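Survey of secondary and tertiary structure
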Number of protein chains: 4
Amino acid sequence: MTTLSPEILAELEKQSIELPSWAFGNSGTRFRVFGTPGTPRDPYEKIADAAQVHAHTALAPIVALHIPWDLVDSYDDLRRHAEDLGVILGTVNSNTFQDEDYKFGALTHEDDRIRQKAIDHHFACIDVMHATGSRDLKIWLAEGSNYPGQNDMRARQDRLQDSLQRIYARLGDAQRLVLEYKFFEPAFYHTDVPDWGTSYAQVAALGERAMVCLDTGHHAPGTNIEFIVMQLLRLGKLGSFDFNSRFYADDDLIVGAADPFQLFRIISEVIRGGGLNNPDVAFMLDQCHNIEAKIPGQIRSVLNVQEMTARALLIDREALAAAQRADDVLAANAVLMDAFYTDVRPALAAWREERGLPADPMAAFLASGYLERISAERVGGAPAGWGA
Amino acid sequence: MTTLSPEILAELEKQSIELPSWAFGNSGTRFRVFGTPGTPRDPYEKIADAAQVHAHTALAPIVALHIPWDLVDSYDDLRRHAEDLGVILGTVNSNTFQDEDYKFGALTHEDDRIRQKAIDHHFACIDVMHATGSRDLKIWLAEGSNYPGQNDMRARQDRLQDSLQRIYARLGDAQRLVLEYKFFEPAFYHTDVPDWGTSYAQVAALGERAMVCLDTGHHAPGTNIEFIVMQLLRLGKLGSFDFNSRFYADDDLIVGAADPFQLFRIISEVIRGGGLNNPDVAFMLDQCHNIEAKIPGQIRSVLNVQEMTARALLIDREALAAAQRADDVLAANAVLMDAFYTDVRPALAAWREERGLPADPMAAFLASGYLERISAERVGGAPAGWGA
Amino acid sequence: MTTLSPEILAELEKQSIELPSWAFGNSGTRFRVFGTPGTPRDPYEKIADAAQVHAHTALAPIVALHIPWDLVDSYDDLRRHAEDLGVILGTVNSNTFQDEDYKFGALTHEDDRIRQKAIDHHFACIDVMHATGSRDLKIWLAEGSNYPGQNDMRARQDRLQDSLQRIYARLGDAQRLVLEYKFFEPAFYHTDVPDWGTSYAQVAALGERAMVCLDTGHHAPGTNIEFIVMQLLRLGKLGSFDFNSRFYADDDLIVGAADPFQLFRIISEVIRGGGLNNPDVAFMLDQCHNIEAKIPGQIRSVLNVQEMTARALLIDREALAAAQRADDVLAANAVLMDAFYTDVRPALAAWREERGLPADPMAAFLASGYLERISAERVGGAPAGWGA
Amino acid sequence: MTTLSPEILAELEKQSIELPSWAFGNSGTRFRVFGTPGTPRDPYEKIADAAQVHAHTALAPIVALHIPWDLVDSYDDLRRHAEDLGVILGTVNSNTFQDEDYKFGALTHEDDRIRQKAIDHHFACIDVMHATGSRDLKIWLAEGSNYPGQNDMRARQDRLQDSLQRIYARLGDAQRLVLEYKFFEPAFYHTDVPDWGTSYAQVAALGERAMVCLDTGHHAPGTNIEFIVMQLLRLGKLGSFDFNSRFYADDDLIVGAADPFQLFRIISEVIRGGGLNNPDVAFMLDQCHNIEAKIPGQIRSVLNVQEMTARALLIDREALAAAQRADDVLAANAVLMDAFYTDVRPALAAWREERGLPADPMAAFLASGYLERISAERVGGAPAGWGA
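The sections below set out a description of the structure shown in this document. Every value quoted in this text rests on a predicted model; they were computed, and no experiment measured them.

Here we come to the overall build of chain A. In terms of helices and strands, chain A carries 14 helices and ten strands. What you see for chain A is a C-alpha radius of gyration of 21 Å, in line with the 21 Å of a compact globule of 388 residues. Counting across all 388 residues of chain A, residues that qualify as buried make up 69%. Of the roughly 11,800 Å² of accessible surface on chain A, a fraction of 51% belongs to carbon and sulfur atoms. Charged side chains in chain A number 36 positive and 55 negative. The centres of these two groups are separated by 2 Å.

Okay, here's the thing in C-alpha cells:
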C-alpha cells in the first residue's frame, strides 16, 4: 500500500470544499427534471443533507447559498441551524436570470430601471452575507444575446463595469466579489463574460478584492484549463473554483468523472501556484445530479477531489524539475504519470479510519439509513429545484 | 434586380416546409422559460398560429405534431380545424423522455415493462397518424447515459433494434419511420443514436420505409453537414430535415441565423442529390424561440429557407462542373460564392406580390394585428410549452 | 444596383491591407508541400507578386516580411525595389521555431543561452525594421509543450515576460511590439500564449506600444471572435489582425471563404469600436495557398475584406440602435442581415472603374499574362517556402 | 500489490501490438521537422529499432510498412531481416498523398489516368503483401477539398467506391482491405472518408474482407469513441485500430498520454464486444514522436496499452451488470472507476520478470546502450522521415 507522508497528510487535513445548496435539490435538462424521493423542500433540509456529506468525509464544512432559491426569514436562524449540524454558510450566489425583467439582460441592461433592480438584488445579497458571515459574493452573469445584432456587446460591457463598481463599493472590507465566466448557455450567440480574459479585465478594473471564478465546465472544447489556473494564480486573481466535469458542454457532471487526468493536472497546477489550502482560492462544487442520488453524488465528488489532491501531492517535484531542465520529455511526463497512476485510495481509507471517519464513506452513508429516512419524512411540499 | 428563371420559380413554387407545433409554445433553457403574451394554450391555437405563417408566405402548409404535447380528444376534429385554416397535419413526433419511467431509457431500457410501454406509445402514435393522415413517425431518442459504466451501450443498441422492428412492423404501407440522431443532450456521456452512421445502420436493418432524420443542430463542432446530406441521399436514406441553427451546441436558433453560408451549402447539396421538392425528403423546422416572437420567428425561418434555396438554384452548374474538371479551385469556389452573394430578395418579393402574397411577409404579419389579438384573447389557461 | 454613399466610399478609399510575403511562396501540410509554377525564389520576387495584388485592387500597398525567410543583403535595396513597384515594406515577423536550438522553447527557454539567442534574433529584427521603416514587430510564439509535465508552464510565462521586456526596451519610439496568440499547433499540450487573455496580460505589463495580434484562425471551436475584437478595442490593445479563415483548426484558408458571415460580424465590430482605418489597428492577411493559385488567392482575399467592409458599413446604425433599445430581437437581427445580404459587388466594380482600376481584378490579372510570364521566367533556383 | 488472475494474465500473454515503421523516422509539423541523432535511414534500420521495442516488452512482434516510404529491392530479404530480429512484417499502408499528380485527389480523381495510377499503386502494394506475408492493406485517403465548390463530393464518393472495388477484387483470399477515416487534414473543407459511417458504408458495399480502421485521433471534438468501437464490433466491421492520443486535432501523441481514461473506456468496450486478442481486430500504433525519443516513445506506448488492458480486464463484470440492472448510476460507475484506479504496474513488472523480461522496460532500454550505438553508427545518409 502506498503510504502518504506526514507533509501530504497535513495538507489533506486542511482541505475544505464548499458544497452548493442547489446540488441537493432537483435539477435536469430543458427537456425534463426527474424527481428523487427525499429531495429537500427548503434551505434547512438542503443544509441537513450537506451536513451528511461533511459528517462522512470531514471534507465539506461549508455550504454555499443561492439567492433567491435559499431565501429564508432569518439568516441568523439558518446559520445556527448549519452550525448545529457542523457546517457553516459560505459563498452567496446571486441570480439575475429568472425574473421576467431579466429576459434581455440585468447588470448589462440598457434600461436603468432593470439594471438598478439587478444591482439592488446584489445589495440584498450583501445584506445576507453580513447575516450569514459569508465572505464571497459570487456573480454568474447569465446574460448575453441569442442573435447577432440583438444587442450592443460593447455598451453592455461598459454598463457591466459600472454595475460591478457599484456592487463592489457596497462590499464590506472583508468581503470579496467573484466573477464567473462561461463560454455559452443560456445565451447562444454572445455571453457578456465568456472567458477568463473578460472576467480578469472586469475584476482587475474593480480592485484587490475582486477575483475570477473558474468553473471547470465553462470552456470551449479542447481548452487547456490548467493553463488558465496557472495564469490566474500568477496574476493573483484566482478567487474560486466551481468544480464539475463534462464531456460536451456545461454538463455539470461529478467532478473527476469525465476526465480524471484533467482534474489531476488542474490540482497539480493549483499546488504549483500556491493555491492549495490557500484561503484566497475557494474550492467549491457546482454540479447537477440529474439522475444519480444527490447526497452520495456529493460524497463521491469531494472524495474525488481529495483523492486527486493526494495524487498531485505525490508528484516528485525535484525529479520533475530535473527532467524538465534536461528537456527529457518522456522522463518528465513519467514523473507526472507515476503520481497519477498511484492508487492512493487504501492509504486514504486507513487515514480516515484513524480520524474516526468511515473507511468507505459511500458505503457508510448508504448503510446509515438517512436516505430511507428522508424519503419517508419529506412527503408533501414542493421539492427544491432551481426555481425555488 | 436579379431575375429568377422560370425553372427556378417552378422549383420555388413547389417548396413546402413543415412547421413544428411546439415552436409556437414557450421554450427556454434549463435555467428559465420566459413567457410571451398570446402563447397558445392548446393544439388548436398552435395550428391557428402556424396557419398564419402559411397565409403570409405560402411556404408552410404542414404542421407537425408532438405526442403527448398535442393530445386531443378527436384528431378528426383537429384535422378539420387545420384544413379550415389552410394547412394539413404532418409528421407525428413521439416522446419518450418526459415520463418518470423513462429516466434511464425507453426503447433501449432493460426492463421489459418499460420498453413495452415505450413501444406501445409508438403504437398509439401510429393510431394518431391514421387519424391525421400523417405519413411519417419521427423518433428522437433522448436516451443514453450520463456516466461511463452506467449502462451497457451494446445491449441497448440491440434492444433498440428490436424495439424499432416492432414499431416498424406496425406501420401502414404508406407510412414511414424516421430516426433522428443527436450528438448529445439530454444525456451527457453517451447517446444511443449519436450520429448519422448509427441512425443509418439502425434504419437500414429495418427496411425501405425507415429513414434518417438530419437535424442541422445535432452534430459535433466542425462537422461538415452537407457531406452527410450528400452521403444520405447517395444511400437513399435521407428522410427528413429538422432545420435550425447554432453557434455552440443544440441551440435551436432560427435556421440560417448562425451560419447562412452553411445553409446555402446544405441546400446546394440537397439539389445536387435530387432531394429538393422530392417527397421522400421532408423539410421541417425544429426551433426554439426562447426570446424572440414566435410567429414572426417562424416566418423569418421559412423565408430564410426559401431565399437560400433560390440562391442555391442560381448556381451555374455547368460553369461549376467545368471549373471542377479543370481543378481550378478559385474558379469553382467563385461560381458557388457568386450565387451565394446574389441578392434574391427583391425578385422574391416581386414574385410573392404576383401571387397575391405580401412582398414583405414579416411586415405584413406585424401589421395584421394578429399578435395583438391573440395577446388580448388568450388570457387564462396554461400557455403551451414542452410539457404540454 | 445598390449604391454606396460618399461616406462609405470615403472609408473604402482609405482601406489598406497588408500582405504577407510568405503567401507567395509554397506552403502545405505536414504531409506534403505541393509546388506551383512561377513560385518566387527570393524576397524580391515575392514583393513583385505582392505588387500585382495592389496594382489590380489598390487595396494592398504594404508587404509584411518574415525573418529569416526574407533575409537580404540590403534592406535599403529591398525597400527601393518595393517602392519602385508601388508598395512599401510593413510588419516584420520574427521566427523562433525553425532552429534546432528552439526545439523546446525560445523566448521561454530555461537555458539562458538559447533564450538570449532568441532575444538577439528580435534585436536583429528591430535592426531590419529601422532599415525598412517598419513600425511593427510581430511575435508569434510557436512555443509550448506536447506532454503534460514536459515543462513548467508558470516559469515559462515569467521568462516570457522578461524576454518581452528586453525586446520592448529595444524598440524605437515609433515602433510597436505586437504579440500573437494561438490556441494550439505546433505544440499539442500547452502553448505559451494560447488565448487573447494571456496576450493581453503579457502586453499590458510591457507598456503602451505593446499590443495584441488577433489571428482569426487561432481560436477554440465555437469562439465568438467578434466579442474578442470588441473587448480588445475597448481595452485599447488591438494592434493588428491576421486575417484568414477555417473550418477546423488553423486551416489558413482565404479570408471570408469558410464563414463569410463571421467576417461580416468581425468587421462590423471593428467599425463599432473605431478600429476601421485606424492606424493603430493593422489589417493583415496570414494565409496559405496550398492548392490554389497564390496571387489570385491574395486578390480574392483583399476583395473579400473590401466587400465585407462595404456590407458592414451599410448597417443602418440608427435603426439597429432603435431595435436594440426596444429589445426587438428579430428587428435588430434583420438590420444586420439586410446589410449582409446586400450585393455590393456591382457598386464596387463601378467604383473601381471610376478610379482606373479593373472592374473585375481577378479576371484582369488572369488576362494580364503575368502568371504565364513568371512561370516561364522563374526556372531554376529554389522556390520560396516556409523554410526559405 | 494488486494481483492479476490467471485468466487476465492469459489474455495479456496473447496481446500483440503492431508498430508503424514510420514512428522511428523523423516527423514534425508543417512548421518544422526537428532531427534526432540515430534516426534510421532505411527500412532495415527502422525494423531493427522496432525489434528493440519487442525485445523489451514482448508486446510488439509486428511492424507495419508504408509504401513508398519502405520501398526496398527485395521484400523477401526485408522479411528475413525482420524475422532474424524476432519480428514479422504486418499491415501494408498505401500512400496517395505525396505525388504531384494527387494534388486534387487519387482514388477519387475525375481524371481516369490519375485514378488508375492510384489504383495501380494499390496493386503494387498487394504485390508487396504477397512477398511480405501481410494480411491487411490499409488505405488512408488523404483526399478531399479545401474550398466549398472545389469539387463534387458526390461524384468523388462514387468513384471512390469504384476504385475500392477494383482494389478489393485484386486481394488474395486471406487478405483484407481496411479503410481508415479521418475528420480533417490534410484537406480543410471536406474529406472523402471523414467519419466511421462513410467508411462503414464504403466497406459494407465491398464485401466481408473489407473493414474499418479506427484511428483514435481522427474524430471531431467530444466524440464518444468507445461508442463507435461498440458499434463497429456490433456490425462486424472493426478491422483495426490506429492508436495515438490528442488534445486538439490529430496530434498523434503517445497513446494514453492525453486522456488515459478514454483509452480505458475504449479497451473496456473492445473487451465487451469480443475484440480483444481477436485476430480480426488489429491493434496498431500510429504516432509521431516529434520531440521525444522515438524508441522509448514506442516502448511507453505499448506499455500504456498493456497497462490499460490489464485495468479493463479487472472490471468486475458481474457487479457492473448488477448495478446497471438496478439503474444504480453511482454504483455502476464505481465498478468501472475501481478498475481504472487500480495500480496494475507492480503486478505487470513482476509478471514481466517471470517471463525473463525487464521489470522496467524503459529503464532497461535506456541502460542498454542501443541509443548511443545508433547515434554513433548512423552517420551520413538521409534520416528517414515521412518523405522517404
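From this point, the narrative continues.
In this section: the interface of chain B and chain D. Chain B puts 53 residues into the contact, and the matching count from chain D is 53 residues. Both sides together, the interface formed by chain B and chain D hides about 4,300 Å², and carbon and sulfur atoms give 58% of it. Its largest share of buried area at the contact with chain D, chain B owes to Arg154, Phe227 and Arg234 of chain B, together 16% of the area lost on that side. Along the contact surface separating chain B from chain D lie four salt bridges. Residues aspartate 152 of chain D and arginine 272 of chain B are paired through a salt bridge, measuring 2.9 Å at the closest nitrogen-oxygen approach. Counting the contacts that link chain B with chain D gives 22 residue pairs in polar contact (both at pLDDT 80 or more). Secondary-structure elements contributing two or more residues to the side of chain B that touches chain D are α5 (153-170), β7 (190-191), α6 (196-204), α7 (225-234), α8 (260-272), α10 (317-325) and α11 (329-341) of chain B.

Before going further, it helps to spend a moment on the interface of chain C and chain D. Facing 43 residues of chain C, the contacting portion of chain D comprises 43 residues. Taken together, the two surfaces of chain C and chain D that pack against each other cover about 4,200 Å², and 61% of this comes from carbon and sulfur. Of all residues in chain C, Arg30, Phe31 and Tyr248 of chain C bury the most surface against chain D, accounting for 21% of the area lost on that side. Applying the counting rule to chain C against chain D returns eight salt bridges.

If you look at the biggest cluster of nonpolar residues, it comprises 481 residues, and the most contacted ones within it are Phe241 of chain A, Phe241 of chain B, Phe241 of chain C together with Phe241 of chain D. In contact with phenylalanine 241 of chain C, not counting residues within four places along its chain, are Cys213, Leu214, Thr216, Val229, Ile266, Val270, Val281, Ala282, Phe283 and Met284 of chain C.

Turning our eyes to something else, we now look at the pattern of salt bridges. All told, the structure shown has 124 salt bridges over all chains when counted by the stated rule. Here aspartate 162 of chain C and arginine 166 of chain C are joined by a salt bridge, their closest N and O atoms 3.4 Å apart. Of the two residues, aspartate 162 of chain C and arginine 166 of chain C are both situated in helix α5 (residues 153-170); the distance of four residues between them amounts to about one turn of the helix. With a relative accessible area of 29%, aspartate 162 of chain C lands in the partly exposed category. Among the charged side chains, a network of salt bridges with common partners joins Arg30 of chain A together with Lys182, Glu185, Asp250 and Asp252 of chain B.

Glancing now at the packing of aromatic side chains. The full count for this structure, using the stated rule, is 90 aromatic pairs over all chains. Relative to phenylalanine 264 of chain B, the ring of phenylalanine 261 of chain B lies with its centre 6.1 Å away and its plane at 15°, an arrangement referred to as stacked. Separated by three residues within a single helix, phenylalanine 261 of chain B and phenylalanine 264 of chain B lie in helix α8, roughly one turn from each other. For the pair shown, phenylalanine 261 of chain B and phenylalanine 264 of chain B are each scored as buried. Here tyrosine 189 of chain C and phenylalanine 247 of chain D contribute two aromatic rings whose centre-to-centre distance is 5.1 Å and whose plane-to-plane angle is 55°, an arrangement assigned as tilted. You can see tyrosine 189 of chain C sitting in the loop between β6 (176-180) and β7 (190-191) and its partner phenylalanine 247 of chain D sitting in the loop between β9 (238-243) and α8 (260-272), one on each of two chains. Judged by relative accessible area, which is 5%, tyrosine 189 of chain C ranks as buried. Residue classification places phenylalanine 247 of chain D among the buried positions, given a relative accessible area of 16%. By way of ring pairs, the aromatic residues Phe261, Phe264, Phe340 and Tyr341 of chain A together with Phe261, Phe264, Phe340 and Tyr341 of chain D are connected into one cluster. A cation over a ring is seen here: lysine 117 of chain B above tyrosine 102 of chain B, with NZ or CZ 5.7 Å from the ring centre.

The rules behind each value
- Residues numbered from 1 in each chain as written.
- Chains lettered and ligands numbered in written order.
- Predicted model: local features only at pLDDT ≥ 70, side-chain atom pairs only at ≥ 80, totals over all residues.
- Heavy atoms only, no water.
- Helix = DSSP H or I, 4+ residues; strand = E, 2+ residues; numbered from the N terminus.
- Rg over C-alpha atoms; globule rule 2.2 N^0.38 Å.
- Buried < 20%, exposed > 50% of the residue type's maximum accessible area, 1.4 Å probe, protein only.
- Areas by Shrake-Rupley, 256 points an atom, 1.4 Å probe, with all protein chains shown as cover.
- Lys, Arg positive; Asp, Glu negative; His and termini not counted.
- Charge placed at Lys NZ, Arg CZ, Asp CG, Glu CD.
- Contact = heavy atoms within 4.5 Å.
- Buried area = accessible area lost by both parts, 1.4 Å probe.
- Salt bridge = Lys/Arg side-chain N within 4 Å of Asp/Glu carboxyl O.
- Polar contact = N/O pair within 3.5 Å; in protein donor to acceptor, adjacent residues only side chain to side chain.
- Core = buried A, V, L, I, M, F, W, Y, C linked by side-chain atoms within 4.5 Å.
- Phe/Tyr/Trp six-rings, centres within 6.5 Å; stacked < 30°, edge-to-face > 60°.
- Lys NZ or Arg CZ within 6 Å of the ring centre and 35° of its normal.

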